Amino acid sequence: MYWKPILATMKPYTPGRSIAEVKRTYGLQDVNKLASNENPYGSSPAVTDYLQSKADQFEIYPDAFTAGLRTKLAEYHQVDPYEILFGNGSDEMVTMISRALLQPGTNTVMASVTFPQYAHNAKIEGAEIREVPMLENGDHDLEGFLKVADDQTAIIWICNPNNPTGNLLTSKNIKDFLDRAPKTALVVLDEAYFEYVTKPEQEDAINWIHDYDNLIVLRTFSKAYGLASFRLGYGVTNKENMAELNKVRNPFNNNTLALAVAEVALEDQQFLQDCVTKNHEQRKRFAAYAAKNSLSIYPSETNFVLMEVPMDADEACERLLQHGYIVRSGNLLGTPGYVRITVGTEQQNTGFFEAFDQLLTNK
Ligand SMILES: *Cc1c(COP(=O)(O)O)cnc(C)c1O
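A. Highlighting the sheet that holds strand E5 (residues 153-159). As summarised here, the arrangement of the 7 strands in space is E2-E8-E7-E6-E5-E3-E4, forming an open sheet in which the pairing is mixed. The outermost strands of the open sheet, each flanked by one partner alone, are strand E2 (84-87) and strand E4 (128-133). Averaged over all adjacent pairs, the angle separating strand axes in this sheet is 25°, with direction ignored. Alignment of strand E6 (residues 186-190) against strand E7 (residues 215-220), held across 4 bridges, turns out to be parallel. What sits directly across from Val-187, in E7, is Leu-215. In this fold helix H7 (residues 171-180) packs onto E5, E6 and E7, with an angle of close to 165° to the strand it touches most, E6.

B. Molecular detail of unusual backbone geometry. Put simply, Ser-112 and Val-113 share a cis peptide bond, and its omega is 15°. Looking at the secondary structure, you find Val-113 in the loop between strand E3 (107-112) and helix H5 (117-125). Here the amide bond leading from Asn-163 into Pro-164 is cis, since omega sits at 20°, within 30 degrees of zero. Note that Pro-164 resides in the loop between E5 and H7. Phi at Phe-252 is positive, roughly 55°, even though this residue is not glycine. When you line up the elements, Phe-252 lands in the loop between helix H8 (239-248) and helix H9 (256-267).

C. Inspection of a nonpolar patch on the surface at higher detail. On the surface, a nonpolar cluster with roughly 440 Å² of combined accessible area is contributed by Met-1, Trp-3 and Leu-7. When you line up the elements, Trp-3 lands in the segment before helix H1 (19-26). Given the relative accessible area of 60%, Trp-3 is considered exposed.

D. Just the domain arrangement of the protein, in detail. Segmenting the protein into domains produces domain 1 (5-42 + 270-361) and domain 2 (45-267). Listed as interface residues are 27 residues of domain 1 and, on the opposing side, 28 residues of domain 2. The contact between domain 1 and domain 2 buries some 2300 Å² in all, and 64% of this surface belongs to carbon and sulfur atoms. Contact with domain 2 buries area across many residues of domain 1, yet Leu-272, Tyr-298 and Glu-301 alone supply 26% of it, more than any other trio. At the surface where domain 1 touches domain 2, the tally comes to 0 salt bridges.

E. Fine view of the nonpolar core. Judged by nonpolar contacts, the single largest core of 54 residues is most densely connected at Phe-145, Ile-156, Ile-158, Phe-177, Leu-215 and Phe-221. Looking at which element gives the most residues to this core, the answer is H9, with 8 residues. Looking at which domains feed residues into this core, each of domain 1 (5-42 + 270-361) and domain 2 (45-267) gives three or more. Apart from residues lying up to four places away in sequence, Phe-145 is in contact with Val-109, Met-110, Ala-111, Val-132, His-140, Ile-156, Trp-157, Ile-158 and Phe-177. By size, the runner-up hydrophobic cluster in this structure holds 24 residues, among which are Phe-286, Leu-320, Val-343 and Phe-356.

F. Inspection of the pairing of E7 at higher detail. Counting buried residues in E7 gives 6 out of 6 residues, a clear majority hidden from the surface. Alternating residues of E7 divide into Leu-215, Val-217 and Arg-219 and Ile-216, Leu-218 and Thr-220, and every residue in both groups is buried. Sheet topology places E7 next to strand E8 (residues 233-236); 4 bridges connect them, and they run antiparallel. From the neighbouring strand, Leu-218 faces E8, where its bridge partner is Gly-235.

G. Structural view of a negative patch on the surface. Together, Asp-312, Asp-314, Glu-315 and Glu-318 line one region of the surface with negative charge. Tracing the sequence through the fold places Asp-314 in helix H11 (residues 313-322). Residue Asp-314 is classed as partly exposed on the basis of its relative accessible area of 42%.

H. Structural view of the environment of Leu-34. In this fold, Leu-34 is placed in the loop between strand E1 (32-33) and helix H2 (45-53). Along the sequence, Leu-34 and Phe-304 sit 270 residues apart, while their C-alpha atoms lie 8.4 Å from each other. Once you skip the residues sitting within four places of it in the chain, Leu-34 turns out to touch Tyr-325, Ile-326, Val-327, Arg-340, Ile-341, Thr-342, Gly-344, Gln-348 and Phe-352.

What counts as what
- Residues numbered from 1 in each chain as written.
- Predicted model: local features only at pLDDT ≥ 70, side-chain atom pairs only at ≥ 80, totals over all residues.
- Heavy atoms only, no water.
- Pairing = 2+ DSSP bridges.
- Helix = DSSP H or I, 4+ residues; strand = E, 2+ residues; numbered from the N terminus.
- Axes fitted to C-alpha atoms, helices over the stretch in contact; angles between N-to-C directions.
- Contact = heavy atoms within 4.5 Å.
- Patch = residues over 30% accessible without salt bridge, like charges linked within 9 Å, V, L, I, M, F, W, Y side chains within 5 Å.
- Areas by Shrake-Rupley, 256 points an atom, 1.4 Å probe, with all protein chains shown as cover.
- Salt bridge = Lys/Arg side-chain N within 4 Å of Asp/Glu carboxyl O.
- Buried < 20%, exposed > 50% of the residue type's maximum accessible area, 1.4 Å probe, protein only.
- Domains from an automatic or database assignment.
- Buried area = accessible area lost by both parts, 1.4 Å probe.
- Core = buried A, V, L, I, M, F, W, Y, C linked by side-chain atoms within 4.5 Å.
- Lys, Arg positive; Asp, Glu negative; His and termini not counted.
- Charge placed at Lys NZ, Arg CZ, Asp CG, Glu CD.

In structure tokens, the structure reads:
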């Protein structure tokens, strides 16, 4: 068969280990998954109430225009309803954007390290990948991006805050970049963790979509809204870009329940704010823990941290698993010597620090 030859060099996405599997393997009662940046406080109680009270018409295809959520979200972001495009998670947004723009002969610019799906999709589409090493502090090297971008660059990926470092580029940095980047390249600002940013001076980049015709901003309900299982992300861009991307979108790519619960979750901004506040408090404990133990840590504006470990990252993960904590090895993320830890609840983090103490005392 005619499989694309590049597939022979690729691997499928490796998910983190599940709670059930770790409980079974290690004979543990209490296992905490701090590996996938899910919301440790769950989702809005209004979502649970909705799901218990409502019987949707499951035999009917979902609303292809996603009118209900589209209207509410357009109002929330103060944009035109036709400036929003929904994906089956922002993962599918990444796929749609790649599919619409990348092909052999084009290239795409991104940081190393960053969210792996940008490179993964670019390979499948046959585009050249131009990776720019991150600066020492973990920031994207946007000057470096400008050096490698050219008139064949179809997409530039800016992950802000960046996964897996957690670093946030300032609004000024990004606008300076947009002013100078090739206008023929779509600049994708992937802001999966935007809601967690606590720097007061950070602007909402969605307000810039009319200033820059080549800008799309991605957001998701998976992280701060705590709805990862429903698979719902979206992009905001001008109507012209939206019309092109809409051509590669699969019909009915969002399911009825996901659209309904996202509407409910969006209305409960109090829940979101509470989660952000708690996350901010808990995130500070990681910075303090790292400082106290002379471990390097990146300055996170998200609900995860990338922290140094006193041994090989896979071994550190294995030992943390034995204590019931699932975290992500830097060996998988391109950051050896570090692990990525989702900031948990106060209790989870206290337990995590106790487990980590054991790593430090018995290297
Ligand atoms: C988690 C994550 C996504 C994917 O989110 P979904 O909406 O669940 O597909 C996209 N980008 C980044 C940077 C992420 O960390």
